[in-house]
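One letter stands for each residue in the lines below.
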Amino acid sequence: MPDTEGSITLEGLDAEVTVIRDEHGIPHIYAETTDDLFYAQGFVQAQDRFYEMDFRRHLTAGRLSELFGADALETDMFVRTLGWRRVAEQELPLLRPRTRSYLAHFSQGVNAYLVDHDGAELSLEYAILGLRGVDSSPEPWTSVDSLAWLKAMAWNLGGNMDEEITRSLLSTTLTKREIATLYPPYPYAENDPIVNQGAIVNGVFEQDATANMTRPPERPGYLSAEREALLRARKAGEGVRKLLGQGDGLGSNAWAVSGEHTASGAPILANDPHLEPSMPSAWYQMGLHCNEVGPDCPFNVSGFTFAGLPGVVIGHNSRIAWGFTNLYPDVQDLYLEKVFGDKVLYDGRRERLKTREETFQVAGDDEPVTMTVRESRHGPLISDVNEDAADVASTAPVPGASGRRPDEGYEVALQWTALTPGRTADALFAIDAAADWDEFRDAARDFEAPSQNLVYADVDGHIGYQAPGTIPVRRSGRGDWPAPGWEATYGWRRDPIPYRALPSVLDPADGYVITANQSVAGPDYPYYLGTSFDYGYRAQRIRTLLEAKDDLTPEDMSRIQLDNFSLLAQELTPLLRSIEIRGDYYDAGHQVLSNWRYQMEADSSGAAFFNVVWRNILELTFSDQIPRRARPEGGSRWWAVMRVMLDDPDNRFWDDIETANVAESRDDILHRAMLQARDELTSLISRNATKWRWGMLHELTLRSKGLGTEGSPVAGLFNRGPYELSGGPAVPNATSWDASVGYEVTAVPSMRMVVPLDDFDSARWINLTGASGHAYNDNYTDQTELWASGQTLPWVFSRDRVEQAGEHVLTLRP
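What comes next is a walk through the structure. Being a predicted model, the structure only gives us computed values, none of them experimental.

Cut-off values and rules
- Residues numbered from 1 in each chain as written.
- Predicted model: local features only at pLDDT ≥ 70, side-chain atom pairs only at ≥ 80, totals over all residues.
- Heavy atoms only, no water.
- Helix = DSSP H or I, 4+ residues; strand = E, 2+ residues; numbered from the N terminus.
- Rg over C-alpha atoms; globule rule 2.2 N^0.38 Å.
- Buried < 20%, exposed > 50% of the residue type's maximum accessible area, 1.4 Å probe, protein only.
- Contact = heavy atoms within 4.5 Å.
- Pairing = 2+ DSSP bridges.
- Axes fitted to C-alpha atoms, helices over the stretch in contact; angles between N-to-C directions.
- 1 Å grid on protein atoms, 1.4 Å probe; cavity = no way out; pocket = protein on both sides within 12 Å on 5 of 7 lines; lining within 4 Å.
- Points joined across faces, edges and corners; volume = space filled by probe spheres on them.
- Nonpolar A, V, L, I, M, F, W, Y, C, P; charged D, E, K, R; others polar.

1. A word on the overall build of the chain
Here comes step 1: Helix and strand counts for the chain come out as 24 helices and 30 strands.
Here comes step 2: Over its C-alpha trace the chain gives a radius of gyration of 26 Å, about what one expects of a compact globule, namely 28 Å for 814 residues.
Here comes step 3: Of all 814 residues assigned to the chain, the portion counted as buried reaches 63%.
Here comes step 4: If you take every contact in the chain between residues at least 6 apart in sequence, the share linking residues at least 24 apart comes to 73%.

Listed below in structure tokens is the structure:
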């Protein structure tokens, strides 16, 4: 375990640095200069989380197979094809000199820790890897290692590639009208967007304006002929999805309330990002403090960051607080490419594909593996990655195709904004030091990927919202479907949506900024941002709870973060109650809904029955007509789909096409789903319905990346759980599960924070796991039980209070 008390002498420091850790191991660092501050941050993060940092470094460089062998090779090939690390290398020289200096000193601090620690001295994981014959001597840390993790987060949070593929796969069995049923429009009449005022005037979004430009026309979809290439493209990214998590459950809640609605008269800001659970948590809590704050050392900031990344990502300084939720912009487009050997067709001419060779060292294999990455003008050919996938076997021409068919069929290229070098790292440090709204907005200008909803509050009483990011403008319409890469009319324009035209609001008229991944702006906003937004049920529930009081407190914010009320259950349960169930055995299950109040509580039998019924409804309704790869996950979009279908009892999807000469209706499916749910719960829990509990099905297991995968013989050393949880998808307490798989928790509020702007020492926070990444350290999971039960920890900020809370003090000396 790392030293957290006493003193350590280190090469590279200019002056003494003090590291104060509280009883939960959360560090606050105090330094004279930014060089020493970020040096110490790197050292401290390496003490607590180096294996996690090293795992992320291997992931983003496409080098996991060096640690875990051939099982990780396909994931590595996909990541190398995208070129995350290559782009990070190109970004480094674009950053401001000060940012490069912060990154360099952070790396020096990490490497100072590595000088005296190696193999099992770094963490238990390296001991296990050493027993497997893997070289467990890490390479020195570099600035690019830090930057590359931003690419992983951009991938995790930024795009609709899977939706483009799914729409095309659905087109093989469904009509365009039926596909549209499965992708309903955002319900603006019921659920507010984030910014519900303002318009673009002369190219600038003005929050008090009322007129907008006209949207560009939607481009047609190209549906069926590319099916095999798209299947290969989807399969290629499955390994990364498993490691980082993607799907309906990823999102966040964040809101800021003005002083007119709070008991203190000052704003309050709350945030809880929803990510895939992991051991340790994706987040690392810490404070970074210049002993004297000024132009040369501007940081006095505390919050959540990523291990391996300097600075603070979400939190507050002495003037402002901020939170993030995912904007879900459409920043990825798939292009079907006509490939002829080493050339690709574009605008009537054949262009040469760019190529590069990639080499992989695979643990357990003496010979390296090589591959050739090909790129068109649109981006890498991701359908190349999986050599064992189905052949490109399209025979019918794509509608509207020009020129002869390619000898080798179709390939699929990915165009993605994050593959263009950017300056997001500049934005993070500038936000950390911002003192007011203007400085915050100016910093956000460089926040290019992943595009996030930025929520703001300050000590002067202001609240605000800014949408940042590089979001493409398409030459024709939208990017919901794969496009023909050989047609020039389907490319992106040179310039993205101008930053000045992105939605923004300071001190909105109603006194609330509420973001829960819903649509950013109203239907008249002229630029296309995407269609992958959450459908707004969480956001609207949060708004309802906020508007119920005009003397809100931080405790109220914490209660709202834990709210388990289900709007879908409120609508669907009365219909389920109205259906007659015969037989005492089946009716006993049905009766648990009679007094249920639509709360997704862990100890609720009603929640258990409802959720099992919901999963069976989705399976019975769609499994006979939708390919397995497109089966419902059960989140926000499927709730929107089902709300429409419940009012249409004879919709075609209700009919089970596998039953001859019978046309099932809505009530037939609901009846069958309840019978199946009764049998399923009897099998999984008990014949006695009073013993059912939602938490017995809805469990969270925290798994270590790499060594904690299911079936690993050493998983028990690193994994923790299961924990029984309340919540579910599309409720504020968003502990999501995938209905196509089961009830296990797949995404969680990865941290929770509440910041009152009148007293930073009264702020509250909690992490999913502890500060330490070392198995069996006292701070490995010391926050997990508190998090699971809805509790938070004091988040002190002033030096006096930090010192009072301090349990361990470490001095770093030059």
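2. Considering the sheet that holds strand β21 (residues 504-506)
Here comes step 1: Spatially, β1-β30-β2-β3-β8-β9-β10-β11-β18-β19-β21 is the arrangement adopted by the 11 strands of the open sheet, whose pairing is mixed. The strands lining the two open edges of the sheet, one partner per strand, are β1 (6-9) and β21. Across the sheet, the axes of successive neighbouring strands diverge by a mean angle of 15°, strand direction being ignored.
Here comes step 2: With 6 bridges joining them, strand β2 (residues 17-22) and strand β30 (residues 806-813) adopt antiparallel strand pairing. Bridging from a neighbouring strand, Thr18 pairs with Thr811 of β30.
Here comes step 3: Along the sheet face, helix α13 (residues 437-444) touches β11 (320-326), β18 (452-458), β19 (463-466) and β21 and points at about 165° away from the line of β18.

3. Overview of the layout of surface pockets
Here comes step 1: Each pocket or cavity is described by its volume, and for the second largest pocket that value is around 910 Å³.
Here comes step 2: Secondary-structure elements contributing two or more residues to the lining of the second largest pocket are α4 (84-91), β15 (354-360) and β17 (410-416).
Here comes step 3: With 4 residues, α4 is the largest single contributor of residues to the lining of the second largest pocket.
Here comes step 4: For the lining of the second largest pocket, a count of residues per class yields 17 nonpolar, 12 polar and 15 charged.

4. Things to note about the pairing of strand β7 (residues 268-275)
Here comes step 1: Within β7, 8 of the 8 residues are buried, which leaves it mostly tucked inside the rest of the structure.
Here comes step 2: The two faces of β7 match: Ile268, Ala270, Asp272 and His274 on one face and Leu269, Asn271, Pro273 and Leu275 on the other face are all buried.
Here comes step 3: Pairing geometry for strand β6 (residues 251-257) and β7, over 7 bridges, is antiparallel. Its bridge partner being in β7, Ala254 is matched across the sheet by Asn271.
Here comes step 4: Across 4 bridges, β7 lies against strand β27 (residues 751-756) in antiparallel orientation. Across the sheet, residue Ala270 finds its bridge partner in β27, namely Val754.

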